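# Reading the structure
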Amino acid sequence: MLKITLATGNLHKVEEINLIAKNYNIEFVLPEGEFDPVEDSDNFLGNAYCKAKCAANLGKTELYLADDSGLCVEALNGEPGIHSARYAPSAKERIYKLLDAIKNEENRKAYFTCAMVVVDKKSNILFQTQQYCHGEILKEEIGDNGFGYDPIFFVESEKTGMAQLSPDKKALVSHRAKALNEVLSWIKNEYIEK
């Protein structure tokens, strides 16, 4: 089994990504040591690279995958965007702040985006992609699955809330799943089937 370091401190994210990757004979693991990247880019791909580089500096594996994702709301000019995780101190507070910010807006269109970058031990970029999940912001929370902004996001393609999707369904339609499947296909072609 190919082990790849996932540049995150979020165990939930590792579990979600391993669920999607289960058929590829790949296991994602947390970085070893003090993982504390400085995300100083003004875009998702740049911040993903910052995380990947930090993980590679701690490195024990051949490959390092990082993602940076966020929610972009049309009526808020793309905010919270790259600041999605830092929009407010807790997940609940982020949801309430966002709902309050657009309470008088008719346009509730939004999208989740996920940028992923794969680097080697020397922090060279080997592969990168950015994918999207389009929908709109609900007026109140629905569903018990997912995390982050999922309870207030209506998935256009599924005609249901993100937090109402089963983990297996989310693993097919989410922004992270789409980006990860591109990464996994690339890894399979470059490292597993060669």
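Heads up: these notes are all about the structure in this document. Think of each chain on its own: its residues are numbered from 1, step by step along the sequence as written. Reporting of local features is limited, given that this is a predicted model, to residues whose pLDDT is at least 70; pairs of side-chain atoms are given and counted only at 80 or more, and all residues count toward the totals for whole chains, interfaces and linings. The side-chain values count all of the structure's non-hydrogen atoms but skip hydrogen atoms and water molecules.

Now for the side chain of S84. Along the chain, S84 falls in the loop between β3 (64–73) and α3 (91–101). Among the polar contacts listed, one links the side chain of S84 to the backbone oxygen of G81, at a separation of 2.6 Å. Residues count as neighbours in contact if any of their non-hydrogen atoms are within 4.5 Å of one another. Not counting chain neighbours up to four residues away, the residues in contact with S84 comprise G70, L71, R94 and Y149. For the purposes of this entry, the term helix denotes a DSSP run of H or I that reaches at least four residues, the term strand denotes a run of E that reaches at least two, and both are numbered from the N terminus. Under the rule applied, a polar contact is a pair of N or O atoms within 3.5 Å (in protein, one hydrogen donor and one hydrogen acceptor; residues adjacent in sequence only if both atoms are side-chain atoms).

A carboxyl oxygen of Asp or Glu within 4 Å of a side-chain nitrogen of Lys or Arg is what we treat as a salt bridge. For the coordinates displayed, the defined rule picks out 13 salt bridges. For the salt bridge of R86 with E39, the shortest nitrogen-to-oxygen distance reads 3.9 Å. Remark: E39 occurs in the loop between β2 (26–29) and α2 (44–58) and R86 occurs in the loop between β3 and α3; sequence separation between them is 47 residues. Type-normalised accessible area, obtained with a 1.4 Å probe on protein chains alone, sets the label of each residue: buried when under 20%, exposed when over 50%, and partly exposed for intermediate values. Among the residues examined, R86 registers a relative accessible area of 46% and is labelled partly exposed. Note that D100 and K103 form a salt bridge whose closest N and O atoms lie 3.0 Å from each other. Via salt bridges that share partners, K13, E16, D67, D150, K170 and R176 belong to a single interconnected network.

What follows is about the side chain of Q131. Locating Q131 in the fold gives a position in strand β5 (residues 125–137). Within the local environment of Q131, its side chain forms a polar contact with the side chain of E182, the two groups lying 3.0 Å apart. Among all residues touching Q131, those that are not within four sequence positions of it are F112, T113, C114, H175, K178, A179 and E182.

Moving on: helix α1 (residues 11–21). Along α1, the residues that are buried comprise K13, V14, E16, I17, I20 and A21. The buried residues of α1 all sit within an arc of 165° when viewed along its axis, so they share a single face. The backbone nitrogen of H12 has a side-chain oxygen 2.8 Å away, supplied by the residue at the start of α1, namely N10. This arc is taken over the directions from the axis of the helix to the C-beta atoms.

It is worth spelling out unusual backbone geometry at this point. Note that the residue after E79, namely P80, is joined by a cis bond; omega there is 0°. For P80, the location among the structural elements is in the loop between β3 and α3. Phi at K159 takes a positive value of approximately 55°, unusual for a residue other than glycine.

What follows deals with the packing of aromatic side chains. Between 30 and 60 degrees the pair is tilted, below 30 it is stacked and above 60 it is edge-to-face, where a pair is any two Phe, Tyr or Trp rings, Trp via its six-membered ring, whose centres lie within 6.5 Å. Within the structure shown, the criterion is met by four aromatic pairs. Geometrically, the ring pair formed by Y111 and Y132 is edge-to-face, given 5.5 Å between the ring centres and 75° between the ring planes. Here the residue Y111 occupies a position in strand β4 (residues 109–119), and Y132 occupies one in strand β5, the gap between them amounting to 21 residues. With centroids separated by 5.7 Å and ring planes inclined at 65°, the aromatic side chains of W186 and Y191 adopt a geometry described as edge-to-face. Relative accessible area serves as the criterion here: at 16%, W186 is assigned to the buried category. Exposure remark for Y191: the relative accessible area of 40% places this residue in the partly exposed category. Ring pairing ties together the aromatic residues F127, W186 and Y191, which thus form one cluster. A positively charged side chain is recorded as over a ring if its NZ (Lys) or CZ (Arg) lies within 6 Å of the ring centre. The angle to the ring normal must also be within 35 degrees. Seen from the ring of Y87, K97 lies directly overhead, with NZ or CZ sitting 4.3 Å from the centre.

To continue, consider the sheet that holds strand β7 (residues 160–161). Pairing in this open sheet of seven strands is mixed, and the strands run β2-β1-β3-β4-β5-β6-β7 from one edge to the other. Edge strands, defined here as strands with exactly one partner in the open sheet, are β2 and β7. Pairs of strands are assigned from DSSP output, requiring at least two bridges between the strands. In the sheet, β3 pairs with β4 via 10 bridges, with the strands oriented antiparallel. Within β4, the residue paired with V73 across the bridge is A110. Running over the sheet, α2 touches β1 (2–6), β3, β4 and β5 and is turned about 150° from β3. Interaxial angle, 0 to 180 degrees, is taken between N-to-C directions of lines fitted to C-alpha atoms, where a helix line uses only the stretch in contact.

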